[in-house]
Amino acid sequence: MYENQEIEEIFPHWDHQFKRLSDLDTIKALRLLDQYHTFTFVRDPLVRLVSAWRDKFQHHSKENRSDYINFHHQYGRNIMRRFRREFTPHELERGFPISFQEYINYITSFSNAEEMNEHWIPATTICRPCHISYKFIGKFENQKEESEYLIDKLGLQSYVPDNFFREVDNSSRDEAKMLLREVDEDKKRILAKLYKDDAAIFGYDLNEFLGI
């Protein structure tokens with residue numbers, strides 16, 4: 001259906017397009033996993049956290065797209081009501097933009113990571129690496145090299161154009177360091193607790209950003 005077609009960026013967020021493992025009973029899900037070459041890609045949890053704020057709650061070219069507007073209404077309004085002392089009716093109507101401090105206040109308010117949105121929930125909570133035996137776990141930071149390795153491993157070279165994958169720009173990492181440096185110490189400790197499993201299992205250093 002989608003062969004040789006450009007797949008829209010929003011496509012993976014259309015839940016009705018995919019059947020999820022959670023839609024199946026445990027036995028069927030395990031049998032299905034055995035039939036596929038399971039893999040996942042992960043990202044430094046704190047860089048991913050900052051990137052989600054930048055993408056979802058700051059000004060950019062996609063901010064007026066319907067899915068972004070819905071996101072602002074669902075999450076931005078909630079954050080404003082809970083963590084902004086004063087706001088105008090217009091600001092609340094938009095639910096956007098959200099400051100980084102308001103965002104961090106919101107993230108650190110969760111007592112149960114299971115309740116977090118998929119854009120900032122710990123990757124271990126989504127990917128379940130202790131329950132699913134992935135044949136390959138790649139890192140976003142090395143996506144060009146590791147994606148090309150995976151494509152070669154799966155024999156899919158003919159389906160992927162040359163130079164399709166690009167090196168990752170490290171500017172988002174520098175931005176994360178700058179922003180997280182200003183976060184209160186108590187909030188840093190909560191972030192460290194939230195993302196400690198991601199760091200331990202996937203080999204990231206939270207202290208590089210939190211300094212605790």
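Report on the accompanying structure. Predicted model, so just to flag it, every value in this text is computed and none were measured.

Quick notes on the packing of helix 2 (residues 45–57) against helix 3 (residues 66–83)
And step 1. Their axes nearest at 10 Å, the elements helix 2 and helix 3 cross at an angle of 115°. In terms of orientation, helix 2 and helix 3 fall into the roughly perpendicular class. Residues D55, K56 and F57 of helix 2 form the contact with helix 3, whose participating residues are Y68, F71, H72, Y75, G76 and I79.
And step 2. Its residues assigned to classes, the contact of helix 2 with helix 3 comprises five nonpolar, two polar and two charged.

So, a nonpolar patch on the surface
And step 1. Nonpolar side chains collect at one region of the surface, where F39, L154, L156 and Y159 lie side by side and expose about 390 Å² of accessible area between them.
And step 2. Looking at the element boundaries, L156 is found in the loop between helix 7 (143–153) and helix 8 (171–180).

A look at the packing of aromatic side chains
And step 1. According to the stated counting rule, one finds 15 aromatic pairs in the structure shown.
And step 2. Measuring from ring centre to ring centre gives 5.7 Å for Y75 and W120, while their planes differ by 85°; the resulting arrangement is edge-to-face. Highlighted residues: Y75 in helix 3 and W120 in the loop between helix 5 (100–107) and helix 6 (123–127), separated in sequence by 45 residues. With respect to burial, Y75 and W120 carry one shared label: buried.
And step 3. Seen from the ring of F140, R43 lies directly overhead, with NZ or CZ sitting 4.2 Å from the centre.
And step 4. The ring of Y68 carries K56 above its face, with NZ or CZ at 4.5 Å from the centroid.

Looking at the pairing of strand 2 (residues 136–139)
Along a regular strand, successive side chains alternate from one face of the sheet to the other.
And step 1. The alternating pattern of strand 2 places F136 and G138 on a buried face, while none of I137 and K139, on the opposite face, is buried.
And step 2. As paired elements, strand 1 (residues 39–42) and strand 2 share four bridges and run parallel to each other. The residue bridging F41 from the neighbouring strand is G138, located in strand 2.

Concerning the nonpolar core
And step 1. Formed by 39 residues in total, the largest nonpolar core has its most connected members in Y103, I107, W120 and Y195.
And step 2. Contributing elements (two or more residues each) for this core: helix 2, helix 3, helix 5, helix 8, helix 9 (185–194), helix 10 (196–202) and helix 11 (207–210).
And step 3. Considering each element in turn, this core owes the most residues, seven residues, to helix 2.
And step 4. In this structure W120 touches R48, L49, A52, F57, F71, Y75, Y103, Y106, I107 and Y195, once residues within four positions along its chain are discounted.

Quick notes on the rules
- Sequence positions are assigned chain by chain, starting from 1 and proceeding in written order.
- Per-residue local features are limited, in this predicted model, to residues with pLDDT of at least 70; the limit for side-chain atom pairs, both in listing and counting, is 80 or more; totals at the level of whole chains, interfaces and linings are taken over all residues.
- Hydrogen atoms and water are omitted, and side-chain values are computed over all heavy atoms in the structure.
- Comment: axis = line fitted to C-alpha atoms, over the contacting stretch for helices; angle = value between 0 and 180 degrees taken between N-to-C directions.
- For the purposes of this entry, the term helix denotes a DSSP run of H or I that reaches at least four residues, the term strand denotes a run of E that reaches at least two, and both are numbered from the N terminus.
- Each angle receives one of four descriptions, namely roughly parallel if under 35 degrees, roughly antiparallel if over 145, roughly perpendicular if within 65 to 115, and oblique otherwise.
- Whether two residues are in contact is decided by their heavy atoms, any of which lying within 4.5 Å being enough.
- Each residue gets one of three labels, nonpolar for Ala, Val, Leu, Ile, Met, Phe, Trp, Tyr, Cys and Pro, charged for Asp, Glu, Lys and Arg, and polar for the others, Gly among them.
- The patch calculation keeps residues exceeding 30% relative accessible area without a salt bridge and links them within 9 Å when they carry like charges or within 5 Å when they are nonpolar (Val, Leu, Ile, Met, Phe, Trp, Tyr).
- Where accessible areas are quoted, they stem from the Shrake-Rupley method and a 1.4 Å probe; at the residue level, only the protein chains shown are allowed to cover.
- Here a salt bridge means any side-chain nitrogen of Lys or Arg lying within 4 Å of a carboxyl oxygen belonging to Asp or Glu.
- When two rings of Phe, Tyr or Trp (its six-membered ring) have centres within 6.5 Å they constitute a pair, described as stacked for plane angles under 30 degrees, edge-to-face for angles over 60, and tilted for the intermediate range.
- Remark: exposure states derive from per-residue accessible area (1.4 Å probe, protein chains only) relative to the maximum for the residue type, with buried under 20%, exposed over 50%, and partly exposed in between.
- By definition here, charges over rings are those cases where NZ of Lys or CZ of Arg is within 6 Å of the ring centre and within 35 degrees of the ring normal.
- Pairing between strands is defined by DSSP: at least two bridges between them are needed.
- Nonpolar core, defined: a set of buried Ala, Val, Leu, Ile, Met, Phe, Trp, Tyr and Cys residues in which side-chain atoms within 4.5 Å join the residues together.

As far as function goes, none of this settles anything; it's purely spatial.
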